[in-house]
Structure formats: C-alpha cells, structure tokens
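Close look at the chain arrangement
Here is what each chain is made of, one letter per residue.
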Amino acid sequence: MDLAINPFSSGTRLRDMIRSIRACKTAAEERAVVRRECAAIRAAISEDDQDYRHRNMAKLMFIHMLGYPTHFGQMECLKLIAAAGFPEKRIGYLGLMLLLDERQEVLMLVTNSLKQDLNHSNQFIVGLALCALGNICSAEMARDLAPEVERLLQSRDPNTKKKAALCSIRIVRKVPDLAENFMGSAASLLKEKHHGVLLSTVQLCTELCKASNDALEYLRKSCLEGLVRILRDVSNSSYAPEYEVAGITDPFLHIRVLKLMRTLGQGDADCSEYINDILAQVATKTESNKNAGNAILYECVETIMGIEATSGLRVLAINILGRFLSNRDNNIRYVALNMLMKAIAIDTQAVQRHRATILECVKDADVSIRKRALELVYLLVNDTNVKPLTKELVDYLEVSDQDFKEDLTARICSIVEKFSQDKLWYLDQMFRVLSLAGNYVKDDVWHTLIVLMSNASELQGYSVRSLYKAFQSCGEQESLVRVAVWCIGEYGEMLVNNISMLNVEEPITVTESDAVDAVELALKRYSADVTTRAMCLVALLKLSSRFPPTSERIKEIVVQNKGNTVLELQQRSIEFSSIIQRHQSIKSSLLERMPVLDQTNYLVKRAASTQATVLSVKSAPAVTPGGPLKLPNGVAKPPAAPLADLLDLSSDDPPVTTSVPTTAPNDFLQDLLGIGLIDSSPTGGAPSASTDILMDLLSIGSSPVQNGPPTSNFSPLGKETKSVPVTPQVVDLLDGLSSNENAAYPTITAFQSATLRITFSFKKQPGKPQETTINATFTNLTTSTFTDFIFQAAVPKFIQLQLDPASSSALPASGNGLVTQSLSVTNNQHGQKPLAMRIRVSYKVNGEDRLEQGQISNFPAGL
Amino acid sequence: MIHFALLISRQGKVRLTKWYTPYPQKQRSKVIKEVSTLILARGPKLCNFVDWQGCRVVYKRYASLYFCMCIDPADNELETLQIIHHFVEILDRYFGNVCELDLIFNFHKAYFILDEILIAGELQESNKKAVLRLVTAQDSLVEAAKEEASSLSKIIAQATK
C-alpha cells in the first residue's frame, strides 16, 4: 500500500484510508496519517480536481467523524452539490449536512443550488434537496424556499410528498408565521393512503397546531373525522407485513395520530367527546407484551389525561398506569412514573394509593428511576402524609449515593419548610438533615432555620442541646457546625444549665468549658473556611460574656488569629480580644441576646430576592453571625462605626466594605441594606439635605468612625441619646389618591422625583392609636416600564414597621398602572414623637439598575 | 423531536453522528463526550433512558454499538426505542447481518439510510421495505453513473491511443 504523496496518483481509496487509520497503534500515528490525507485532499482541492472530488469528500467526512477540523472542505460540498450528476449531489448534500450547520454563512450560498434541485426532474434529486433543507436550513433559507416546498406537497410522488411534509415542519419551526400557508395542503394530505405520507403529514399538523392558533382551529374543524378514521383503520387492519411490528400494524402511525388528537382535544370538550370511543378501543385492544404495544398504550394514556375525557376513560387510563407501575421492566416503570406526574392533576387519590410503590422507586438501583420517583414524591406531599413521607426520605438520605444526596437534600428541605406546622418537628427534621447531609444544605435553608430558632424562644434550649449533641457525632458537616456554633454562642447558658427542658429530653451535663471546647474544636477543624471561623470567633466572644470564668481562655484562643492572613479574621480577632481585655464594662450589654429576627419579613424578602435574582447574602464578604436579615423590625440596634448613616446615603462606596463592623450583633444592619441590592454603587436619589436630621434619628449621634475598635464613641445599645427634631410638614392633599376613608389622615405625596412618585394613604383602627396601616402607591412617571421593583423602608427605633409584599414587581410606564404595597407601623412613642421614615427604591429600566432614596418627614400629625 | 442521533462503540469511538438541532462544532465534541461517558457508565439491567441537561437520551445497545437519540422530555420514550430498533433492522436487511465493521467502512451508506428514516428529527417512513427500495434505487443510480463514466473514459482512452 503506497501512502506516499504522488502528485499524479489519485490518492488512496476510501476503504484503504480507513484501514490504515484503524491500523494505527497510537494517537500520534493516527494524527500523522490524517495529516497526510488532509494534505492530499487540500492539494486536490486547490487543483480543482473533478474526478476524485466525490471520494475526497467521503474521506473528509470520515476524518471529521474522528474529530479533526475539516473546514477547508466546506466549499467542496458546494461544488459537489452544483455538479450535474446524481452521485456527486448525493455525497455533496451528505457532506453539507455533516460539515456545516445553520449558523455558518457559507450555507447561504447553497440556496440557489437548492432551489434548482427542488425543481429538478429527477425525483431522487428533489428528495436530496428536501432532506438537506429539512435538516439544516436557517430561517432565511426557510423563508426563501418555502414556496417551492409548498408546491412539492402537491407532487404526485409519495416519496416527495412525505419529504416535503417533514421539510415543512422545519420551515414552520424556524418561521412560525408561515404556518398558515401549509394548513390547507396538510389537511388535504390526510386523505392519502400511503403510510409514509400520512405519518409525515400528521407530524406536520401537530407542528402547525403548536405554531399557530388559527391553524389549530382550522385543523380541529377539518381533520378530526379523518384522523379517527385513520386510527380506526390501522387499529382494525388485518395482517399487513410491510408495516407490522410485533403483531401490531404500524405502531408509529398509531402513536403519532394519538399525539395529534391530544393537541386537538386539549381544552375542547366537543373534540374530546368525538374521540372518546376510539381512545377506549385503542386502550383496551392493544396488547402490551412487547415494546411497540406499550408505546402505543403510553401515548394513549397521555392523550386521555391531556384532553377532557369522560370519567370512564380516565379510570381506564389509571388502570393501565397501575399495571405499568408494577411491571418488572425498568423502562415501563420509568414511563409509569412519568405518567403519574401528569395524573396527579387529574386524580390525586389514585396516585396517593400508589405511594408505597413510588417510595420504593426512590430507593431503586437505577438513578433515572430514582430521580423521577423523587420528583413525584415531592408532588404528592400534602399535610396528612408529610410526616411519614419525610421520615422515609430522611432515612433514605442516610444510605443514598453521594450524587443523589444533593437532590434529595434540597427536596427534603423544601418539603419540610413548606409543610411545617409544628415547630418542634421542623427543628428535628432540620437537625437530622444537617447531621446527615449538612454539606449539601444550601445557605438560605440554614439561615431560615436560625431565624426560626430565634423566634421560638421556648425551643431554644432544646435546639442548642440537640445541636451540641449532633455536633459531637457529626462534626464534619459544615452547615451543622455553623448552626451549632451560632446557637452555642447565643444560648450558651441554656446549654450549660439545662434551661427550658422539654418532656422528651434527657438532661445532659455540659460544663462551660465543654462549650468552649466545642467551639474551639470547630475553629481548629475548619481552618480553611473563613465563614465558619468567623462565626466561631463571634461565638467565643459571646461565650466570654455569658461565662465570665472562661474569659481568659477564650481570649487566648481568639488572640491566636491575630496574625491570620485573612483580613476578616484578623480584624475580628484583634477587636474581640480588645473587647474582652479592656472593655469589660460594656461587654455584657454589648453581647446581649440578639433581638428576635423578623421571620415574616425575612421570608418575604427571601422570596422577593430569589425572584429578582438579586445578589444573595452569600456574596457579602462579612457574613454576620446574626444571619442575613433583610429588614429590621424597628427593634434594630443601631450599629456603630462605619454605619452611622443607615441607608448609606452619603457614601458612594458599595455599602458592604471589607471593613468589619466592630460589634458582632449589630452589623446585621449594615449588611441588611447593603447587600442584596444592585452591584453598582448607589446612584440616583440625591442624598437629601436633611441627612443630619436622620443621623440623629437613627444613630447614636456620633460621627462615622471607620474601622477602629470600639472606642468610647460607641454608645451603649438600647439607649437613644438625642431627641428627634423632626417637624412634620404641612399635609399635602393631592393626586386624587387620597383615601376617602380617612379624612383625618390625608394622603400625602411621600416621595416625588422625576421618575417616580410615591403616595401614602393612612388608616387607623379605632382603639389602637399607635398602629397605622399605610397604603403606598407607586406611579412610574417615565415612558419606560420599571421591572424588579423593590421598595424598602427604615424607621427610627421607637417605631415598628412591617411591610407586606407589593402587588407586583413591574411598574408600567407613564402611570398606566400602579403598584401598591401596604405597610403597618406602630409608633411606641405615639403622641410624643411623630412618624419619620427613610425609603429606598430599586428597580430596573431597560436592563439597567436604578436606585432612588429619600426621607419622608411630611407625615400628617397624630400618627 | 429528536435533537441528535449518536452511534458509539463500547470504547467510546464515534461511528455516526447526526444533528437535527444547531449545535456549533466545538460544542458537538463536548456533547458527544458527555453523553458517551454518561451512557457507557450505565449498567446492563438499568432502564434505557437517562436525563441529561433538560433533555432525555434514549439508548440501546446492539452488540458492540450503542445507539443513542436525544429527545425532548415531552416525547414518547418507548416510541424512540422503537425508532432505534426500526433503524437497526433496516441496516440489518441492507447489509445482511450488519456488524460494526460494516458501519465503519460504509458509514456514508449508513447515513443515506438514516436520511430516509428521519428528517428534521421526525420519523419519515414506517415501512422497512419502502426505505430499502428507495436506498437501493439510489444506489443503482450511482452505479449506473459510474458505469457510464468508466465506459466513457474507455472510449476516450481508446480513441486517443
């Protein structure tokens, strides 16, 4: 075999090239052979060799399949297609379909050749062109050549007709507007007898219905009778060897007709009634011992469940489903699980009956079946069965594969959150999941857990003790460690003194130094994880206040991180050791129990933030031990140090800086309004001139202190130093948005800028003078719509604020629609101090983020 | 619809690829690699369907070759299995007891057959005999053209002697 390049030789034959490539023992050898062949082909291309173009193209295709680049051959395809002979065209079109795809511009050059070939006298050449067009045409080509294809639908040759019908499917997919052009031809083609034509036409009709509603209506009216006849004929037909598969005549036609019937019958009662009988016939008559029969039954059941079927028919479908589910064949069970998911919408009871089998499938050896079953279980959960189901799932979590654990954990967590009426049960499940699969638990899940624990004061003792025990045995689950460390820090004294024990608990003995040991262990074990270590440091600080005798020891542990290369840890270490050492006087008030985290607001915010795909808390460089709260409840303890300015109006830097807030329990406020908002530094909304007034309102009156350790500037928490000199402005009655119910408290324009107007209307309940319900209305004054609209508010300490979700997050332009949101405020110093509020609004316009903020001081008197 | 069809050997060598959805060339090799690893890792008793990137891949092993087809989640998986079997049976009748070697050396013919069975990712013809008739008719056209070409060159060669 002479493989040397000889300019006069014709090169190797295809067969020989393949043989020599297969004979190569190493990859390098193969590359050498391929390189030689490519060189020969390239030479032949540049010489414009006619004779062996055909063979070279075949060789090129083989080389392409091996994975080598072959773009130098693309023009050759075009030349072959343009040639006159059938063999050249055949290989040319094949090369085209293999080497090119619709994104390449070279494809446009073929349009002319295609047009000529579509009009060729040789039916096989027409077929080649239709095939190529149907497989890879782009939208422009589709538009250009659609008239030719339409014409070919009327051809006399069935081979051409069926290819044209399938080609039309691609045209309609690429250019749905053309769907109406094909309606008529498609409907008339359904009268044909040739199975290939029928098959293609039925598929074309299905595609037309998807593309255009008009087509759907038209086909529904004109084709239904024909379809039923087709299905009946093929179902009843006697032995037809050409189409027979496993004793059934043309199962493919059965299936495609059933699919089209589903599309036509969906949502239409008359149509559904008309096809009722034939569906029943197919469902009962089809044998299900071979795959072909099962495929037909599957499609039939899907159709029954997709249309407005009679109850008798539905029962038939559910029975088939039951049979499939208990079949030993894995394929059939997989398909049954699929069907069950649709069946839930129709007959939940029937599906619940199969719950045990489905749970078995969750533990199946086959990962595909496990996945289906898990999704199904998730849909099946309701209030009555949630506890046993969760127990089964959590039990399985213990033994499941690593790659399945993540899915399973996510599902369990969302089930538990959705259906937990009983707090104790929720805590137990979460502790168990954290112990078994804490590493797969997502951050917002354990954040929610902390929020809940903070709200459930009677269960705090139980929580900290359970977590302590879990930590002893499952210390490698990171999320568990974080939650445990936080709890030990917060509720340390409950742990040591067995406070608020529940009936189900047994007393455990934990000394103060045991608690410190646990946190120290976590600190050492997770030397790589900054978040966990940061949380440990804070917990240690809290413990030094709760357990004074351990102060010295804690200080020594904390000080070890003084030289840590991570700035966060280093800072915390220095500051905390400084607190322990020098500021004993304020330490205890500094480290009081954290305020109750506002659960409802947190959940609302969490839902809103996932929806608005806002930066999650994970991105905040300083993860606060308090968990990422979204809104204070007015019980917020003002932060010291960098955040004298609550809404960060005066600084242009991104709100969350790398400087660590000096006091642990307070920095949640800083993160609060800094994170979760847009990346760009706050623009828009010029800081109001009354910044000073606001600073007094919410801060402790000290000037902003940057990253220092708490100095004497820092005022003790819980005390307000200055009174609030806010003068309510004259009430502004305008916009016609004043609420009629409250003449006493007129509507005000709370905020107005060039782009946005916010009005507040007020309602008070008689007998509750401190509480006010405010209805905020937002009007978009620009000509572009606002999306991802989020409104936030902050109030002084003596006021409590609760925000309900907004009516929508999209604000139409030019006041064409309004968004409303209601807030309720409780003024604990009603009568002495008026309401004041700072607001912040973020939204998107044409993809860009905007931010506006302002202060409202024109509340009507007496609120 | 069927998004792509893939034939791979047990060692992961690609024997045939046909794309009905526009995947760019670079992405194609990645896709092939991912799907191959996924399928070759499956044990023998498991079901023939795998979830992959939002679609479903239906595969069946015939001797040393895996036939894979990637479909929409809304499609009928059992029908796709039947389509694969349809294709294999036609190949078998065409080549006479087809084996992997036939498909290696005659890959272009395998493609021609596939093009008579699927267009735009949908089924074209459920009649095996009809498919074979069409493919053999086209083959004879090619043969006839070759004969003509060689007889022409013989005449010319003789004439120029």
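In the block above lies the structure referred to throughout.
A brief look at the structure comes next. As the structure is a prediction and not an experimental result, all values here were calculated from the model.

Let us now look at the overall build of chain B. When its secondary structure is counted, chain B shows five helices and seven strands. Accessible surface for chain B amounts to roughly 6800 Å². Of this, 57% is attributable to carbon and sulfur atoms.

Before going further, it helps to examine the overall build of chain A. Within chain A one finds 35 helices and 10 strands. Considering chain A as a whole, with its 863 residues, one finds that 57% of them fall into the buried category. The contacts of chain A with a sequence gap of at least 6 include a subset with a gap of at least 24, amounting to 69%.

Attention now moves to unusual backbone geometry. Residue and element names in this part refer to chain A. The phi dihedral of Asp250 is positive, around 40 degrees, even though this residue is not glycine. Its identity as a non-glycine residue notwithstanding, Asp788 has a phi of 55 degrees, on the positive side. When you line up the elements, Asp788 lands in strand S6 (residues 786–794). Residue classification places Asp788 among the partly exposed residues on the basis of a relative accessible area of 24%.

Let's shift gears to helix H1 (residues 14–23) of chain A. Within the sequence span of H1(A), burial applies to A:Leu14, A:Asp16, A:Met17, A:Ile18, A:Ser20 and A:Ile21. Buried residues in H1(A) make contact with helix H2 (27–46) and helix H3 (53–66) of chain A together with helix H3 (100–105) and helix H4 (107–117) of chain B.

This part is about helix H11 (residues 195–211) of chain A. Here H11(A) contains 17 residues, and its C-alpha end-to-end distance of 24 Å stays within 8% of the 24 Å for a straight helix at 1.5 Å per residue. For H11(A), the tally of buried residues reaches 15 of 17 residues, placing the bulk of the element in the interior.

Our focus in this paragraph is a positive patch on the surface. A surface patch of positive charge is lined by A:Lys191, A:Lys193, A:Arg229 and A:Arg232. Among the structural elements, A:Arg232 can be located in helix H12 (residues 213–236).

So, on to the layout of surface pockets. Once rolled over the atoms, a probe with the size of a water molecule shows which space is left empty. Computed from the structure, the largest pocket encloses a volume of approximately 1200 Å³. A:His54, A:Arg55, A:Pro87, B:Val142 and B:Lys146 are, among the 30 residues lining the largest pocket, the residues nearest its centre. Breaking the lining of the largest pocket down by element, the ones donating at least two residues are H1, H3 and helix H5 (86–99) of chain A together with H4 and helix H5 (128–160) of chain B. Here the lining of the largest pocket takes seven residues from H5(B), the largest share from any one element. Class assignment for the residues of the lining of the largest pocket results in 13 nonpolar, six polar and 11 charged. Its boundaries defined by the atoms lining it, the second largest pocket holds a volume of some 670 Å³. Only H3 and H5 of chain A together with strand S2 (14–19) and helix H1 (25–40) of chain B provide two or more residues apiece to the lining of the second largest pocket. Sort the elements by how many residues they give to the lining of the second largest pocket and H1(B) lands first, with seven residues.

The next point concerns the packing of aromatic side chains. Taken as a whole and judged by the stated rule, the model has 20 aromatic pairs over all chains. Taking the centre distance of 6.0 Å and the plane angle of 65 degrees together, the rings of A:Phe762 and A:Phe859 count as edge-to-face. One end of the pair, A:Phe762, is in strand S4 (residues 756–763); the other, A:Phe859, is in the segment after strand S10 (848–856), and 97 residues separate them in sequence. Take A:Phe762: its relative accessible area is 1%, and that puts it in the buried class. Aromatic pair B:Phe4 and B:Trp52: ring centres 6.1 Å apart, planes at 85 degrees, arrangement edge-to-face. Remark: B:Trp52 occurs in strand S3 (residues 49–52) and B:Phe4 occurs in strand S1 (residues 2–9); sequence separation between them is 48 residues. When its relative accessible area of 1% is taken as the criterion, B:Phe4 is described as buried. By relative accessible area, B:Trp52 is classed as buried at 8%.

Contact residues are listed per partner, giving 61 residues for chain B and 71 residues for chain A. Across the chain B to chain A interface the summed buried area is about 5900 Å²; carbon plus sulfur atoms make up 56%. Sorting the residues of chain B by area buried against chain A places B:Leu78, B:Phe105 and B:Phe107 first, and these three jointly supply 12% of that buried surface. Here chain B is connected to chain A by 10 salt bridges. Between B:Asp51 and A:Arg372 there is a salt bridge, with its nearest N and O atoms 3.1 Å apart. For the pair chain B and chain A, the number of links is 29 residue pairs in polar contact (both at pLDDT 80 or more).

Moving on to the sheet that holds strand S9 (residues 837–845) of chain A. The strands making up a sheet are joined through hydrogen bonds of the backbone, oriented either antiparallel or parallel. All names here are of chain A. The antiparallel open sheet is built from three strands, whose spatial order is S6-S9-S10. Edge positions in the sheet fall to S6 and S10, since each of these pairs with one other strand and no more. Each neighbouring strand pair of the sheet contributes to a mean axis angle of 15 degrees, computed without reference to strand direction. As judged from the seven bridges shared by S6 and S9, these two strands associate in the antiparallel manner.

Glancing now at the pattern of salt bridges. According to the stated counting rule, one finds 46 salt bridges over all chains in the structure shown. Here B:Glu116 makes a salt bridge to A:Lys163, at a shortest N to O gap of 2.8 Å. Pair noted here: B:Glu116 is in helix H4 and A:Lys163 is in helix H9 (residues 158–174), and the two residues belong to different chains. In this structure, B:Glu116 and A:Lys163 share a single accessibility class: buried. One salt-bridge network, held together by shared partners, links A:Arg173, A:Glu207, A:Lys210, A:Arg256, B:Glu79 and B:Glu122.

Turning our eyes to something else, we now look at the pairing of S3(B). Residues and elements named next belong to chain B. Bridge analysis of S3 against strand S4 (residues 55–62) gives four bridges, and the strand direction is antiparallel. Paired with Trp52 across the bridge in S4 is Cys55. Hairpin connection, S3 to S4: the antiparallel pair is bridged by two residues, and Gln53 has positive phi, about 50 degrees.

This part is about the environment of A:Leu253. Residues and elements named next belong to chain A. Assignment of secondary structure puts Leu253 in helix H13 (residues 251–265). Measuring from C-alpha to C-alpha, the distance between Leu253 and Leu198 comes to 7.8 Å, with 55 residues separating the pair along the chain. In this view, Leu253 contacts His195, Leu198, Leu199, Ile230 and Val234; residues no more than four positions away in its chain are not counted.

Residues and elements named next belong to chain A. Remark: helix H15 (residues 291–306) packs on helix H17 (residues 330–343), axes separated minimally by 10 Å, with the N-to-C direction vectors making an angle of 5 degrees. For the element pair H15 / H17, the angle class is roughly parallel. Contact residues: H15 offers Asn294, Tyr298, Val301, Glu302 and Met305, while H17 offers Ile332, Val335, Asn338, Met339, Lys342 and Ala343. For the contact of H15 with H17, a count of residues per class yields seven nonpolar, two polar and two charged.

For A:Ser578, the location among the structural elements is in helix H31 (residues 567–582). With 23 residues separating them along the chain, A:Ser578 and A:Lys555 place their C-alpha atoms 8.8 Å apart.

All names here are of chain A. Its location among the elements puts Asn385 in the loop between helix H20 (367–380) and helix H21 (386–399). Within the structure, the side chain of Asn385 is placed 3.1 Å from the side chain of Gln352, a separation counted as a polar contact. Look past the residues within four positions of Asn385 in its chain and what remains in contact with it is Gln352, Arg355 and Leu380.

Moving on to the environment of A:Ala515. Residue and element names in this part refer to chain A. Among the secondary structure elements, Ala515 is positioned in helix H28 (residues 512–525). When its relative accessible area of 0% is taken as the criterion, Ala515 is described as buried. On a C-alpha basis, the gap between Ala515 and Phe547 in space is 9.8 Å, while along the polypeptide they are 32 residues apart. Apart from the residues lying within four places of it in its own chain, the contact partners of Ala515 are Ile488, Leu495, Val510, Leu543 and Phe547.

The rules we used
- Residue indices follow the written sequence of each chain, beginning from 1 at its first position.
- In the order they appear in the text, chains get letters beginning with A and ligands get numbers beginning with 1.
- Local features in this predicted model are restricted to residues whose pLDDT is 70 or higher, and side-chain atom pairs enter the listing and the counts only when it is 80 or higher, whereas totals over whole chains, interfaces and linings include all residues.
- As a rule here, side-chain values cover all heavy atoms of the structure and leave hydrogens and water aside.
- Secondary structure elements follow DSSP: runs of H or I of four or more residues count as helices, runs of E of two or more count as strands, with numbering from the N terminus.
- Reported accessibility uses the Shrake-Rupley method at a 1.4 Å probe radius. Residues are deemed covered only where the shown protein chains occlude them.
- Here's how the labels work: a residue is buried when its accessible area is under 20% of the maximum for its type, exposed when over 50%, partly exposed in between, all with a 1.4 Å probe on protein chains only.
- Any pair of residues with heavy atoms lying within 4.5 Å of one another is described as a contacting pair.
- Helix span is expected to be 1.5 Å times the residue number reduced by one.
- Note on patches: the residues involved have over 30% relative accessible area and no salt bridge, like charges join within 9 Å, and the nonpolar side chains Val, Leu, Ile, Met, Phe, Trp and Tyr join within 5 Å.
- By convention in these notes, a salt bridge is any Lys or Arg side-chain nitrogen within 4 Å of a carboxyl oxygen on Asp or Glu.
- Charged residues are defined here as Lys and Arg on the positive side and Asp and Glu on the negative side; His and the ends of the chain fall outside this count.
- Note on charges: their place is set at NZ of Lys, CZ of Arg, CG of Asp or CD of Glu.
- Points on a 1 Å grid over protein atoms alone make up a cavity when a 1.4 Å probe fits among them but cannot get out, and a pocket when they form an open set with protein on both sides within 12 Å along at least five of seven lines; lining residues each have an atom within 4 Å of a point.
- Grid points are joined across faces, edges and corners, and a volume is the space filled by probe spheres set on the points.
- Residue polarity follows a fixed list, in which Ala, Val, Leu, Ile, Met, Phe, Trp, Tyr, Cys and Pro are nonpolar, Asp, Glu, Lys and Arg are charged, and the others, Gly among them, are polar.
- Here a pair means two rings of Phe, Tyr or Trp (six-membered ring of Trp) with centres within 6.5 Å. Their orientation is stacked below 30 degrees between planes, edge-to-face above 60, and tilted elsewhere.
- Buried area is a sum: the accessible area each of two parts loses on coming together, probed at 1.4 Å, counted once for each and added.
- Whenever two N or O atoms come within 3.5 Å, that pair is a polar contact, provided that in protein one can donate a hydrogen and the other can accept it, and provided that, for residues adjacent in sequence, both atoms are side-chain atoms.
- When DSSP finds two or more bridges between a pair of strands, those strands are recorded as paired.
- Axis lines are fitted through C-alpha atoms, for helices just across the contact stretch, and the angle between N-to-C directions can take any value from 0 to 180 degrees.
- For classification purposes, an angle smaller than 35 degrees is called roughly parallel, one larger than 145 roughly antiparallel, one from 65 to 115 roughly perpendicular, and anything else oblique.

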